[in-house]
Amino acid sequence: MNYYDNKETRSHDERVGSYNAVLPKVLNNAVRYSPSYKQLYKGIDLNAVQTIDELPNLPVLRKSDIAKLQGKVPPLGGLNKHSVNHYDYIFQSPGPLYEPGNFTNDWWGVGRFLFACGIGQGDIVQNCFSYHLTPAGHIFESGARAVGATVIPAGTGNTELQVRVAHDIGATGYAGTPDYLKVILDKAESMGIDLSSITKAGVGGGPLFPSLRQAYADRGIKCLQNYATAEVGNIAYETLPDVGLIIDENVIVEILQPGSGHPVEEGEIGEVVVTTLNFDFPLIRFATGDLSSFLPGISDCGRTNVRLSGWKGRADQTTKVKGLFVRPEQLANFKEKHPEVIKIRAVVTRNNDQDILTVKLETPQSGATHQYQNSLREILRLGVSIDIVSKGTLPNDGLVIDDQRKFE
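Model, not experiment: these values are computed from the prediction.

This part is about the nonpolar core. In terms of nonpolar packing, the biggest core is built from 59 residues, with Tyr 37, Leu 58, Phe 113, Phe 140, Val 253, Leu 283 and Ile 284 touching the most fellow members. The set of elements that each furnish at least two residues to this core consists of helix 1 (12-33), helix 4 (111-116), helix 5 (136-146), strand 7 (222-229), strand 8 (233-237), strand 9 (245-247), strand 10 (251-256) and strand 11 (270-276). With 6 residues, helix 1 is the largest single contributor of residues to this core. Residues in contact with Tyr 37, not counting those within four places in the same chain, are Ala 30, Val 31, Leu 61, Leu 79, Pro 282, Leu 283 and Ile 284. Among the nonpolar cores identified, the runner-up in size contains 22 residues, and Leu 181, Ile 184, Leu 185 and Tyr 216 belong to it.

What follows deals with the sheet that holds strand 17 (residues 343-351). The sheet built from 4 strands is open, its strands ordered 19-18-17-20 with mixed pairing. The open sheet terminates on both sides in strands that have one partner only, identified here as strand 19 (385-389) and strand 20 (401-403). The mean inter-strand angle of the sheet, taken between neighbouring strand axes irrespective of direction, is 20 degrees. With 3 bridges joining them, strand 17 and strand 20 adopt parallel strand pairing. Along strand 20, the bridge assignment pairs Val 348 with Asp 403. Helix-sheet contacts for helix 9 (residues 328-337) involve strand 17, strand 18 (354-362) and strand 20, and the interaxial angle to strand 17 is about 130 degrees. Where helix 10 (residues 369-380) meets the sheet, its contacts fall on strand 18 and strand 19, and the angle it forms with strand 19 comes to roughly 130 degrees.

Moving on, we get to unusual backbone geometry. In most cases, non-glycine residues show a negative phi, while peptide bonds are predominantly trans. Residue Pro 74 is joined to Pro 75 through a cis peptide bond whose omega torsion reads -5 degrees. Relative to the helices and strands, Pro 75 resides in the loop between helix 3 (63-72) and strand 1 (89-93). Backbone torsion omega between Gly 95 and Pro 96 reads -5 degrees, so that peptide bond is classified as cis. Phi is positive for Arg 381, which is not a glycine, with a value near 60 degrees. Among the secondary structure elements, Arg 381 is positioned in the loop between helix 10 and strand 19.

This part is about the sheet that holds strand 5 (residues 173-176). Think of a sheet as strands paired side by side through backbone hydrogen bonds, with each pair either parallel or antiparallel. Taken in spatial order, the 9 strands of this open sheet run 4-3-5-6-7-8-9-14-13, and their pairing is mixed. The open sheet has two free edges, formed respectively by strand 4 (150-152) and strand 13 (294-295), since each of these has just one partner strand. As defined by bridge partners, strand 13 adjoins strand 14 (residues 307-308) across 2 bridges and the pair is classed as antiparallel. Counterpart to Leu 295 in the pairing with strand 14 is Arg 307.

It is worth spelling out helix 6 (residues 159-169) at this point. Taken residue by residue, helix 6 has Thr 159, Gln 162, Val 163 and Ala 166 as its buried positions. The buried side chains of helix 6 occupy one side of the element, clustering within an arc of 100 degrees when seen end-on. Those residues of helix 6 that are exposed and aimed more than 90 degrees away from the buried face are Leu 161 and Asp 168. Those residues of helix 6 that are buried are in contact with strand 3 (124-127) and helix 7 (180-191).

Here we come to helix 7. An ideal rise of 1.5 Å per residue puts 16 Å on 12 residues; helix 7 measures up with 17 Å between its terminal C-alpha atoms. Close packing links the buried residues of helix 7 with helix 6, strand 5, strand 6 (200-203) and helix 8 (210-218). Gly 192 occupies a position one or two residues after helix 7 and carries a positive phi of about 70 degrees.

What the rule picks out here adds up to 9 aromatic pairs. For the ring pair Trp 107 and Trp 108, a centre distance of 5.6 Å and an interplane angle of 80 degrees mean the geometry is edge-to-face. By the burial criterion, Trp 107 is buried, and Trp 108 matches it. Between the aromatic rings of Phe 113 and Phe 140, the centroid separation amounts to 6.4 Å while the plane-to-plane angle is 90 degrees, which identifies the pairing as edge-to-face. Linking Phe 113 in helix 4 with Phe 140 in helix 5, this pair joins segments that are 27 residues apart in sequence. This pair shows no difference in class: Phe 113 is buried, exactly as Phe 140 is. Through a chain of ring-to-ring contacts, the aromatic side chains of Tyr 87, Tyr 89, Phe 91, Trp 107 and Trp 108 assemble into a single cluster. Taking the ring centre of Tyr 33 as reference, the NZ or CZ of Lys 81 above it sits at 5.1 Å.

Pairing analysis gives 5 bridges linking strand 1 to strand 2 (residues 97-101), with the strands arranged antiparallel. Of the residues in strand 2, the one forming a bridge with Tyr 89 is Gly 101. With antiparallel pairing between neighbouring strands as the criterion, strand 1 and strand 2 make up a hairpin whose turn holds 3 residues, including Gly 95 at a positive phi of roughly 150 degrees.

Analysis parameters
Residues numbered from 1 in each chain as written. Predicted model: local features only at pLDDT ≥ 70, side-chain atom pairs only at ≥ 80, totals over all residues. Heavy atoms only, no water. Core = buried A, V, L, I, M, F, W, Y, C linked by side-chain atoms within 4.5 Å. Buried < 20%, exposed > 50% of the residue type's maximum accessible area, 1.4 Å probe, protein only. Helix = DSSP H or I, 4+ residues; strand = E, 2+ residues; numbered from the N terminus. Contact = heavy atoms within 4.5 Å. Pairing = 2+ DSSP bridges. Axes fitted to C-alpha atoms, helices over the stretch in contact; angles between N-to-C directions. Arc of directions from axis to C-beta. Expected span 1.5 Å × (residues − 1). Phe/Tyr/Trp six-rings, centres within 6.5 Å; stacked < 30°, edge-to-face > 60°. Lys NZ or Arg CZ within 6 Å of the ring centre and 35° of its normal.

Structure, rendered in structure tokens:
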């Protein structure tokens, strides 16, 4: 089997030795160039953090911490080595949070994942991740360029046009959220257009459900998923279906007890915490908020890095819907704009392999459905259904996001 590079088949000792050689340089570089890291590590002896086993001596960095830092030191929170105009891109993700990016050298590391999907020179990839403000479209385009594929920068929506473009140009691969490819294929079928040229798919931004993977396999499409974030880029990726996700070679992953900096016992589910080996924008012990666990052994594909068991939910109530995060803070923002709303709950379900977001509102203004939909769409960047309920209907349990999807 071919591999992206020889890093993927290193021994455990070789890989750890490589990380241990780079980690002190990343830490020293961060403290030297970043006033925020210098303040964050004030009073900490970095000489005591020379190996990955000593990372627990450092504090965990959370998204909420980054948001506060960006408020004090805009726009990147003082975590960046370079001035803002050094970077090719500055993105805004929901929160809002700002992230930098560079056009060259597969800055986010997704090329490794797309290679595992079988995508490379000669392929034409229809990239259906968003190019608007958020980085997903650029992340996957960068990866596709790294493996020599041609990119159709399709973005999201306009499904009929997506079908025609894929057919006319001869797309052989797809990149996007797991369920949108099915929307495109179903639309093509209804239009009498043949899209059998698409045989490879690299998906992310949400869980790939077994029924959906099988539906693609039945159409002759090899579909694999990766796990990435806007801040970090590629964290882990599939090479074979349903046997875990192999951790990327350019990140260090810990599984910690949620809300703490302490590792869980082997095999237990905990929060995914990532340290990037990126000197341009280092993130050290960055808490993703996602839950997962390490799997024992190595993959049958021959790659030797540790595997994650997959996405097991959120350490907080935040969840992903159609590739975008929905956060309790966003719902609180909506409620501040609409003080007549007594209580709010977002319910996430699944129907016909698509995510459904319904927002239940306790409010006396029963005729304001359209107004509420527009307001939530502006805040969440997602379309929602509104269900106005009577006072006292929603339980008093502190839950504002109820994710009822089943991931097994």
